[in-house]
Amino acid sequence: MRHPILFALLAGSAFAFAACQDSSKASVSRAIDSVTAIDNQNMAELMLVAGDPEEAVNYFAAQLERRPDDLSLQRGLAKSLVRAGRSSEALPVWRNVVAHPEANNDDRVMLADTYIRANNWAQAEATLNQIPPTHESFDRYRLEAMIADSKQQWARADHFYETAAGLTTRPSGVYNNWGFSKLTRGKPREAEPLFMQALQHDPNLFTAKNNLALARAGQGNYSLPLVQMTQEERAVLLYTMAIAAVRKGDTTIGRTLLAEAIDTHPQHYEEAVRAMRALDGGRG
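For every chain, the first residue of the written sequence is number 1, and numbering continues from 1 along that sequence. pLDDT decides what is reported in this predicted model: residues at 70 or higher carry local features, side-chain atom pairs at 80 or more are listed and counted, and totals for whole chains, interfaces and linings draw on all residues regardless. Hydrogens and water are ignored here; the side-chain numbers use all heavy atoms of the structure.

### Description of the overall build of the protein chain
Part 1 of the argument: Numbering of helices and strands starts at the N terminus; helices are DSSP runs of H or I of at least 4 residues and strands are runs of E of at least 2. In terms of regular secondary structure, the protein chain is built from 14 helices and zero strands.
Part 2 of the argument: From first element to last, N terminus to C terminus, the protein chain shows the α and β order α-α-α-α-α-α-α-α-α-α-α-α-α-α.
Part 3 of the argument: Within the protein chain, the proportion of its 284 residues that are buried is 38%.
Part 4 of the argument: By definition, residues are in contact when any of their heavy atoms lie within 4.5 Å. Residue pairs in contact within the protein chain that sit at least 24 positions apart in sequence constitute 45% of those at least 6 positions apart.
Part 5 of the argument: Residue-level accessible areas treat just the shown protein chains as cover; the underlying method is Shrake-Rupley with a 1.4 Å probe. Put simply, the protein chain shows about 16,400 Å² of open surface, and 53% of that area lies on carbon and sulfur atoms. Burial classification: accessible surface area is computed with a 1.4 Å probe over protein chains only, and a residue below 20% of its type maximum counts as buried, one above 50% as exposed, and the rest as partly exposed.

Take a look at the structure:
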């Protein structure tokens, strides 16, 4: 009489064991899926930060063939195309991102950025105007400053440059752009301290060093700025100030600076040599 009971207990144990096995398999499967998702996310972030831009484009394009509706992959492809200098190709991708129901204002800012890179300033401004003023970000104000610059709205540009600089821990690029804006307005004295601020945040930013040399030359000051520089950079800055001097009519100073640039450069400085020959009427 006990056999049916024993059989029922054994059967119950078998079913429980099978259920336990199924549960374990499901847990393992979920764990693998989770690890795969993390790996995919890590790979995507690595591609965006450190990967070769063209390799990143190929990676995201291939992933999108498998998951065409994945918004993060669409963003990755758009950003990679921009990094690869393919702004015109990035525009339709960013437009698709912005049309997605889960798109956010940062996506719209990036679309505006890409319009500027594609030299479509009007569309960039229209895109930014669709973003509510409550969305305050470094990139938004950086672009607002550039657009104001393009329209020669100087007070507005200054306001946005200052705001953008306060919203990032790496404002060197903002200060450099702001200083260059001052240069284009014919205000080298106001530009000089902005380039110095850029170099305080990034001593290796050569464009700021070169612009600083232009700002000093624009004031008739042809002495090199007291900033960190290599021997080759020193030669290039001397060349920059020489050309600025010649354009201002200070030909003698320009010739002296060119000669110093040629002597300073660690290799043959062809551009400076050509400029010197031009000053000398093609002799030598």
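The discussion continues.
### What about the packing of aromatic side chains?
Part 1 of the argument: Under the pairing criterion, centres of Phe, Tyr and Trp rings, with the six-membered ring standing for Trp, must be within 6.5 Å; the plane angle then separates stacked pairs below 30 degrees from edge-to-face pairs above 60, leaving the rest tilted. The final tally for this structure, using the stated rule, is five aromatic pairs.
Part 2 of the argument: Ring geometry for tyrosine 161 against tryptophan 178: centres 6.0 Å apart, planes inclined by 15°, an arrangement best described as stacked. One end of the pair, tyrosine 161, is in helix α8 (residues 154-165); the other, tryptophan 178, is in helix α9 (residues 172-184), and 17 residues separate them in sequence.
Part 3 of the argument: The class of tryptophan 178 is buried, set by a relative accessible area of 12%.
Part 4 of the argument: Between tyrosine 239 and tyrosine 269, the aromatic rings sit 5.5 Å apart at their centres with planes inclined by 50°, giving tilted as the arrangement. Linking tyrosine 239 in helix α12 (residues 231-247) with tyrosine 269 in the loop between α13 (251-264) and α14 (270-279), this pair joins segments that are 30 residues apart in sequence.
Part 5 of the argument: Here a set of aromatic residues connected by ring pairs shows up, and it is made of Tyr161, Tyr175 and Trp178.

### Looking at unusual backbone geometry
Most peptide bonds are trans, and most residues other than glycine sit at a negative phi.
Part 1 of the argument: The phi dihedral of asparagine 119 is positive, around 65°, even though this residue is not glycine.
Part 2 of the argument: Phi is positive for glutamine 152, which is not a glycine, with a value near 55°.
Part 3 of the argument: Counting through the fold element by element, glutamine 152 comes out in the loop between α7 (138-150) and α8.
Part 4 of the argument: Using a relative accessible area of 58% as the deciding quantity, one classes glutamine 152 as exposed.

### Focus: the pattern of salt bridges
Part 1 of the argument: By definition, a salt bridge exists where a carboxyl oxygen of Asp or Glu is found within 4 Å of a side-chain nitrogen of Lys or Arg. Taken as a whole and judged by the stated rule, the model has 19 salt bridges.
Part 2 of the argument: Taking the shortest distance from any N to any O, the salt bridge between arginine 86 and glutamate 89 comes out at 2.8 Å.
Part 3 of the argument: Each member of the salt-bridge network shares a partner with another, and the members are Asp149, Asp158, Lys182, Arg185 and Glu190.

### Re the confidence of the model for the protein chain
Part 1 of the argument: Of the residues in the protein chain, 81% have a pLDDT of 70 or more, and the chain-wide mean is 85.
Part 2 of the argument: Predicted confidence for residues 4-21 stays below pLDDT 50, and this span has zero contacts to residues more than four positions away or in other chains. Each residue gets a pLDDT score, which is the predictor's confidence in that residue and runs from 0 to 100.

### Some remarks on the nonpolar core
Soluble globular proteins tend to bury their nonpolar side chains together.
Part 1 of the argument: Among the buried residues, those of types Ala, Val, Leu, Ile, Met, Phe, Trp, Tyr and Cys that are joined through side-chain atoms within 4.5 Å form a nonpolar core. Phe60, Leu77, Leu81, Trp94, Leu128 and Leu143 are the most contacted members of the largest nonpolar core, which has 26 residues in total.
Part 2 of the argument: Where this core is concerned, the elements lending two or more residues are α2 (53-66), α3 (71-83), α4 (87-99), α5 (105-117), α6 (121-129) and α7.
Part 3 of the argument: Looking at this core, the element that brings in the most residues is α3, giving six residues.
Part 4 of the argument: Dropping the residues within four chain positions of it, leucine 143 is found in contact with Val109, Ala112, Asp113, Ile116 and Leu128.
Part 5 of the argument: In this structure, Ala148, Leu183, Leu205 and Leu212 belong to the second largest nonpolar core, which totals 22 residues.

### Remarks on the environment of methionine 110
Part 1 of the argument: Along the chain, methionine 110 falls in helix α5.
Part 2 of the argument: Setting aside anything within four residues of it in sequence, one finds methionine 110 in contact with Trp94 and Asp139.

### Remarks on the environment of leucine 91
Part 1 of the argument: Here leucine 91 lies in helix α4.
Part 2 of the argument: Taking the C-alpha atoms as reference, leucine 91 lies 9.7 Å from methionine 110; in sequence the two are 19 residues apart.
Part 3 of the argument: What leucine 91 contacts, discounting residues up to four positions off in sequence, is Leu111, Thr114, Tyr115 and Ala118.

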